[in-house]
Amino acid sequence: MATVQHTFLSSLVHRSWFPLATALMLSVIDVAIPMPATAADRLVVYSGRAERLIKPVLDAFQATSGVQIDLLSSGTTELVNRLHAEGERTPADVFITNDVGSLEHARALSLLQPLDGKMFDGKIPETFRSPDNSWIGLSGRFWIVVYNTTLVNPADITSLFDLADPRWRGKIAIPNAGSEYLQAGVSVIKATHGDQRTQQFLEGLKANAGTQVYGKSSQIVDAVAKGQAAIGVVNHYYVYRHLESQPGAPIAALMPDQQEGGMGAIVNAAGIGVVARSRHTDLARRLIEFLISPQGQKMFAELNKEYPLNPDVPADPALPPRHSFRTSTVQLVRLGELREPTMTLIERVGLR
Amino acid sequence: MTAAARQAFPASLSFLGITVAGLIFLPLAYIISLAVSTQPAVWTRLWQTRIPELLWNTATLAGGVAIGTLILGVSLAWLVVRLEFPGRRFWEWALVLPLTMPTYVLAYVYSYALGIGGPVEHIWQRVAGPQSHVFSPQSYAGATLVMTLDTFPLVYLLARAALLNLNVSFEEVARVCGLTRLGIIFRVTLPLLRPALVAGLSLVMLYVVSDFGAVSLLRYQTFTYAVYQQMTGRYDHSAAAVLSLILVVFALIFLLAERWFRRRSRFYQTTGRYRAAPRKPCGLLGSAAITVYLGTIFGCAFLLPALLLLKWTLATIAQGTLDSRFWGFVWNSAMLSGVAATAAILLGTPLAYLATRRSARLNVLCLQAAYAGYVLPGPVGALAILLLFSQFAPFLYGTVVILIVAYVVHFLPAGLQTMEPALHQLTPTLEEAARSLGASAMETIRRITLPLVQGGFVAAWVLIFLQCMKELPATLLLRPVGFDTLAVRVWLEASEEYFQLAAPPAFLIVLLSLPALLLLLARDWRSA
C-alpha cells in the first residue's frame, strides 16, 4: 500500500518541490507583514460596531471629504486588547464601539486622546461624553424586554427583576456573558440596587434562561418570534429591525422599570475616540465632526434604529419618542470602572 | 569538504532540531507557567464559579459520546468483518466518510435540521401532533448526537482492524468448552478487543475535549468554549490560562491512554496458527435489516448532511450570491494552509531525521516535545501563541505570521507521524554507501535521502495543508482583522443562522477533506 501511494504521489510533483515551496513561503511572508499606511489623508478605523452598520456612514464621509478610510471590524473587547497590545505601533487612528464601558476602559489605559469640548457643545450632551472628551457618544441604545405577544401578557412584566421570577423557567432568552451590553446593563443594576439584589436577579435569570444563552441578540429576537422563548432581553433596535423586516412577527418591546422611583430603562451609547498614538488627529477630528453633524447623526442612528444624540436630529418614527420613557440615572462614565466588579459578579453567578 | 566540516554538519542539524523542538514546545510551557503563576484568588474564584459546571459538562459529553461511539463503532465493525451481505465492501469504506465532516459543519447542519421549524420537527409534528417539538439541538443531547455521529468512525476503524487480526481459534475453543454465542461475544471477543476499543475511545475523548466547532455552535459549555469566551470577552487572560491548563491535562490523559492502548492492541497472536474468522453469509431478511441499519447511520452522519450542503450550495450559485469575496476566502485559506504546511515540513524534517537516524535520547526527546501540539486544543494554542507574541514580538501581532505559527505548532505532530515512517522505511545503508563513495552529508541528503522519502513527505504536506484548511478556533482568534478563511465563514454564517450562506464553504471543506482521509487510511487501513 505504502509503495503504491509513494509512487503515485511522487508523480504528482516535480522533484524540486523543496526549493519551490521555500520560495513560495518567503514570497507570502513578504505579503503578510503589513506596510504602515503612507498616504497622508488616510484614516484607519477600528470598529467594534458591525461593518454593515458603520461602513455606509464612513463611505459617505469618504465621498464628501476625500479621506480614504481603512476599516477593521472585530469584537469590541478584542479590539481594546489589540490596541493595548499594539501600543505605540498601532496603525489605528480612530476607535468606534457600541459600548461606552469599553471606551472608558480604553481611556483608562491611556489609549485615547482628549479632544476640545467646544467642538461638541450643543451637539452631544455632556452626559454622553467622557469628562475630558476622550470619547464621545454618537447614538443611544436601550436595554429592553422583548416578548412574544401570543405567549406573554405585558402587564406581567413591569421591571427587569420580574424576569427572575420562577414562573418564567425555561422561557427566557439572554445574551451570553461576553456581551458588552449585558455587562453594562448589569453594571447599572448593580450601581442602582447593590450587589446582593443584583446577584439574586442574575441567579433567577440564569435559572430561567437555562440553555437559551445566545451569542447574538438577533438570535434572541428570532427565538422569541418563533416562540422558542417567550421573553428576551436585548437592545431596543433588534426588535424594531426585526419588525421592519417581518412586520407580522408576534413580538413587541417593553420598557422596563418605568414605575415611580424605578431604575428607568438602562441606556448605553455607541461612541468614538481618537487613538492616543494617531498621527492623523486632524482627519480624525473631521470624521467626528461629520458624525455629530445632523447628516452624520441621522445616517449613523437610522442604519440601526438607534437614537441620535444630537438634540436637533429626530429619531426614527417607528421608535417610541425619546421623552416618552424614563432612563437610568447612573452616569455612563462609571461603566468603565464598574466593569471588572461586574464581571466578577457575573462569573460568581456562573452566567455563561 | 574537510573532515571537520563533515563533522560540523550533524552537530548543526542537532542544534536546529533542538531549536525547532524548543520553539514548538514553548507555547505549552508558557501556558503551564502562566496558569501556575496565576494568583490563587483567580483559581478560587474559577473553582467556585465556572470549573464545576465545565467539568461536569465536559465529562458527561465525553461519557455520552464514548457510549454512543462504542455501540456504533463495535456493531458496525462486527457487521462488516464477520458477516457477508450485498454491498459489504462498499459499507466498509463508506462508514469512514463522516470523518470528512468537521464538527462545526455537522453541528450547523443539525442545528438547522433539529431546530424550530426545521425538517425533523415538520416530520415529527405529522406523527405526534402539531404542537409537539423535537429535542433542541442546543443541548446536551444535541451535542452528544453530533459528536457521536462525527467520531464513531475512529472506534469503528480500530475495532475493525482488531477484529480482522483476531484469531478465531480463541472463539472456537470457547465454543467447544460450551459457551453460548452471546457468552463468547462478552467473555472472549470483546475482552480481546478491549485494548483497541480503549485506544479508539481515548481518541474520541481527545476529540471531544478539544472540539470547539460543535460546542460553540450548539452553545454547549465546555472548556474550549469557555476559554474562547474568556479570550474574546475579558481584558485579563489569566482565567483563560487557568481553564486552559485543566484542558491540557485532560487532553494529555487521553493522548497517553490512546498511545498506551494502541501499542497494547498489537500484542495479538497473529502468526503460526492464526486463522481469520470466516464471514457468515446473511439471508435476504438479515441483509435487508443490516442495510437499513448501516444506511441510517451513514445517512445521518454523512449522506443527508452532504446532500443538504450540496443543495444549498447549488441554490447559492443559482442566486448569484457566490461572488468574488468567496474566492477571496478560498485564496486566504489556501495561502495560509500552503505556507503553514511548507513551514511544518521544513521544520519537521530535522526532527524526524534526527530521531530516526540518530536515536540518541536527546533527539527522541526533541521529537516527543514537538508532539506538544496534540495537547494544545485550538483555543488554548491560540491563547498561548497570542500571549507569547504580544510579549516578545508585538510587531507581528495581528499579522498572518502568528496564525501560521499556530498552525505549525498544532499540526506538526500529524505531519511527523507521516514523515517518521517514511524515514524509517529508508535503510541507512543506502546513505552509508553514498557517504563511503565520497558524497558529503549534505549531498547524501539531497541526492539519496530526499528523493527516497519524497512521497511520504508530500503525503505529510497534503495532510497538514488539509487540516489547516479545516482549522477553526485558532483562526477565529488569531486572524488579522477582516481576514476570513473558509472555516471562519462557515462558523460566522452558521452562528448567525444564515444556513444557506454557510453551505458553499462548508461543502468545499468536506470535498477537500476527502483526499486527507484517503491518505490517512492508506497509512492505517490494514494495520490501524
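What counts and how
- Residues numbered from 1 in each chain as written.
- Chains lettered and ligands numbered in written order.
- Predicted model: local features only at pLDDT ≥ 70, side-chain atom pairs only at ≥ 80, totals over all residues.
- Helix = DSSP H or I, 4+ residues; strand = E, 2+ residues; numbered from the N terminus.
- Rg over C-alpha atoms; globule rule 2.2 N^0.38 Å.
- Buried ≥ 20, exposed ≤ 12 C-beta atoms within 10 Å, placed from the backbone.
- Contact = placed C-beta atoms within 7 Å.
- Pairing = 2+ DSSP bridges.
- Domains from an automatic or database assignment.
- Nonpolar A, V, L, I, M, F, W, Y, C, P; charged D, E, K, R; others polar.
- Axes fitted to C-alpha atoms, helices over the stretch in contact; angles between N-to-C directions.
- Parallel < 35°, antiparallel > 145°, perpendicular 65-115°, else oblique.
- Left-handed = near helix turned anticlockwise from the far one by under 90°.
- Expected span 1.5 Å × (residues − 1).
- pLDDT = per-residue confidence, 0-100.

**Q** Summarise the overall build of chain B; cite the residues concerned and give the values.
**A** Scanning chain B for helices and strands turns up 22 helices and 2 strands. For chain B, the C-alpha radius of gyration of 25 Å lies close to 24 Å, the compact-globule estimate for 528 residues. Projected onto the principal axes, the alpha-carbon positions of chain B cover approximately 85 × 65 × 55 Å. The 528 residues of chain B split such that 48% are buried. A sequence separation of at least 24 residues applies to 82% of the contacts in chain B between residues at least 6 apart.

**Q** Give a detailed account of the overall build of chain A, specifying residues and quantitative values.
**A** Helix and strand content of chain A: 11 helices and 11 strands. Across the 352 residues of chain A, 48% fall into the buried class. Put simply, of all contacts in chain A between residues at least 6 apart along the chain, 77% involve residues at least 24 apart.

**Q** Could you give an account of the pairing of strand β5 (residues 135-148) of chain A, naming the residues involved and the relevant values?
**A** All names here are of chain A. For β5, the buried fraction is high: 14 of the 14 residues fall into the buried class. By the bridge criterion, 2 bridges tie β5 to strand β11 (residues 307-308) in an arrangement that is antiparallel. Its bridge partner being in β11, G140 is matched across the sheet by Y307. Examined bridge by bridge, β5 and strand β8 (residues 231-235) share 5 bridges and lie antiparallel to one another. By the bridge assignment, Y147 is partnered in β8 with I231. By the bridge criterion, 4 bridges tie β5 to strand β9 (residues 251-254) in an arrangement that is antiparallel. Paired with Y147 across the two strands is A252, which belongs to β9.

**Q** Explain the environment of G118(B) to me, and be specific about the residues and the numbers.
**A** Residue and element names in this part refer to chain B. With respect to the helices and strands, the residue G118 is situated in the loop between α5 (103-113) and α6 (119-128). The exposure class of G118 is partly exposed, given the 17 C-beta atoms found within 10 Å. Counting along the chain gives 16 residues from G118 to V134, while the straight-line C-alpha distance between them is 9.7 Å. Apart from the residues within four sequence positions on either side, G118 is in contact with Y112 and A113.

**Q** Which residues make up unusual backbone geometry, and what values do they have?
**A** Of note, the phi angle at S110(A) is positive, near 60°, even though the residue is not glycine. Along the chain, S110(A) falls in the loop between α5 (100-108) and β4 (112-113).

**Q** Describe in detail the domain arrangement of chain B, supporting the description with residues and values.
**A** Residues and elements named next belong to chain B. In terms of domain boundaries, chain B breaks down into domain 1 (1-34 + 321-528) and domain 2 (38-314). Taking only C-alpha atoms, the centre of domain 1 and the centre of domain 2 are 26 Å apart. Every contact between the two is made by 36 residues of domain 1 and, on the other side, 37 residues of domain 2. Listing elements by their share of the side of domain 1 that touches domain 2, those giving two or more residues are α1 (3-36), α16 (378-392), α20 (473-478), α21 (486-495) and α22 (499-524). Ranked by residues supplied to the side of domain 1 that touches domain 2, first place goes to α22 with 14 residues. Classifying every residue of the side of domain 1 that touches domain 2 gives 29 nonpolar, 5 polar and 2 charged.

**Q** Summarise the pairing of strand β3 (residues 94-97) of chain A; cite the residues concerned and give the values.
**A** Residue and element names in this part refer to chain A. Here β3 shows no split at all, with V94 and I96 on one side and F95 and T97 on the other all buried. As paired elements, strand β1 (residues 42-47) and β3 share 3 bridges and run parallel to each other. In the sheet register, V45 faces β3, and the bridge partner there is V94. As defined by bridge partners, β3 adjoins strand β10 (residues 266-275) across 4 bridges and the pair is classed as antiparallel. Residue I96 lies in a different strand from β10, and its bridge partner there is I272.

**Q** Residue-level account of the packing of helix α2 (residues 40-48) of chain B against helix α12 (residues 238-264) of chain B, with values.
**A** Residue and element names in this part refer to chain B. Relative to each other, α2 and α12 sit at 65°, their axes nearing to 10 Å. In terms of their interaxial angle, α2 and α12 are classed as roughly perpendicular. Remark: the crossing between α2 and α12 carries right-handed chirality. Within the contact between the two elements, α2 uses V42, W43 and L46 and α12 uses S238, A239, V242 and L243.

**Q** Talk me through helix α11 (residues 223-233) of chain B; I want residue IDs and the actual numbers.
**A** Summarising burial for α11(B): 10 of the 11 residues are buried, a large majority. Within α11(B), burial applies to F223(B), T224(B), Y225(B), A226(B), V227(B), Y228(B), Q229(B), Q230(B), M231(B) and G233(B).

**Q** Which residues make up the domain arrangement of chain A, and what values go with them?
**A** All names here are of chain A. Along its sequence, chain A is organised into domain 1 (42-140 + 268-320) and domain 2 (142-266 + 342-349). Taking only C-alpha atoms, the centre of domain 1 and the centre of domain 2 are 27 Å apart. With 13 residues of domain 1 at the interface, the matching set in domain 2 holds 10 residues. For the side of domain 1 that touches domain 2, the secondary-structure elements that each account for two or more residues are α4 (76-86) and α5. For the side of domain 1 that touches domain 2, a count of residues per class yields 2 nonpolar, 8 polar and 3 charged.

**Q** Which residues make up α16(B), and what values do they have?
**A** Residue and element names in this part refer to chain B. End to end, α16 covers 21 Å across 15 residues, agreeing with the expected 21 Å (1.5 Å per residue, within 8%). Along α16, 11 of the 15 residues are buried, which leaves the element largely enclosed by surrounding structure. For α16, the complete set of buried residues consists of G378, P379, V380, G381, A382, L383, A384, I385, L386, F389 and S390.

**Q** Describe the environment of F300(A), with residues and values.
**A** Residues and elements named next belong to chain A. Along the polypeptide, F300 turns up in helix α10 (residues 294-302). For F300, a count of 29 C-beta atoms within 10 Å puts it in the buried group. The sequence separation of F300 and R279 amounts to 21 residues, and the corresponding C-alpha distance is 25 Å.

**Q** Run through the confidence of the model for chain B, naming residues and quoting values.
**A** Close inspection of predicted coordinates is inappropriate in any region flagged by low pLDDT. Residue and element names in this part refer to chain B. Averaged over all residues, the pLDDT of chain B equals 86, while 95% of them reach at least 70. Of all the helices and strands in chain B, α1 carries the lowest mean pLDDT, 77, while helix α13 (residues 284-319) carries the highest, 94. Across residues 1-8, confidence stays below pLDDT 50; counting only partners more than four residues off in sequence or on other chains, it has 4 contacts.

**Q** Tell me what's going on with the confidence of the model for chain A, and back it up with residues and numbers.
**A** All names here are of chain A. Of all residues in chain A, 89% have pLDDT values of 70 or greater, and the mean over the chain is 86. Of the regions scoring below 50 in pLDDT, residues 1-18 engages in 17 contacts with residues more than four places distant in sequence or in other chains. Here residues 29-38 is a poorly scored stretch, pLDDT under 50, and it has 12 contacts once near neighbours within four places are set aside; other chains count.

**Q** Could you give me a rundown of the environment of T224(B), with the residues and numbers involved?
**A** All names here are of chain B. Within the secondary structure, T224 is located in helix α11. C-alpha separation for the pair T224 and L416, spaced 192 residues apart in sequence, amounts to 25 Å. Apart from the residues within four sequence positions on either side, T224 is in contact with S210, D211, F212, V215, L247, P377, G378, P379 and P473.

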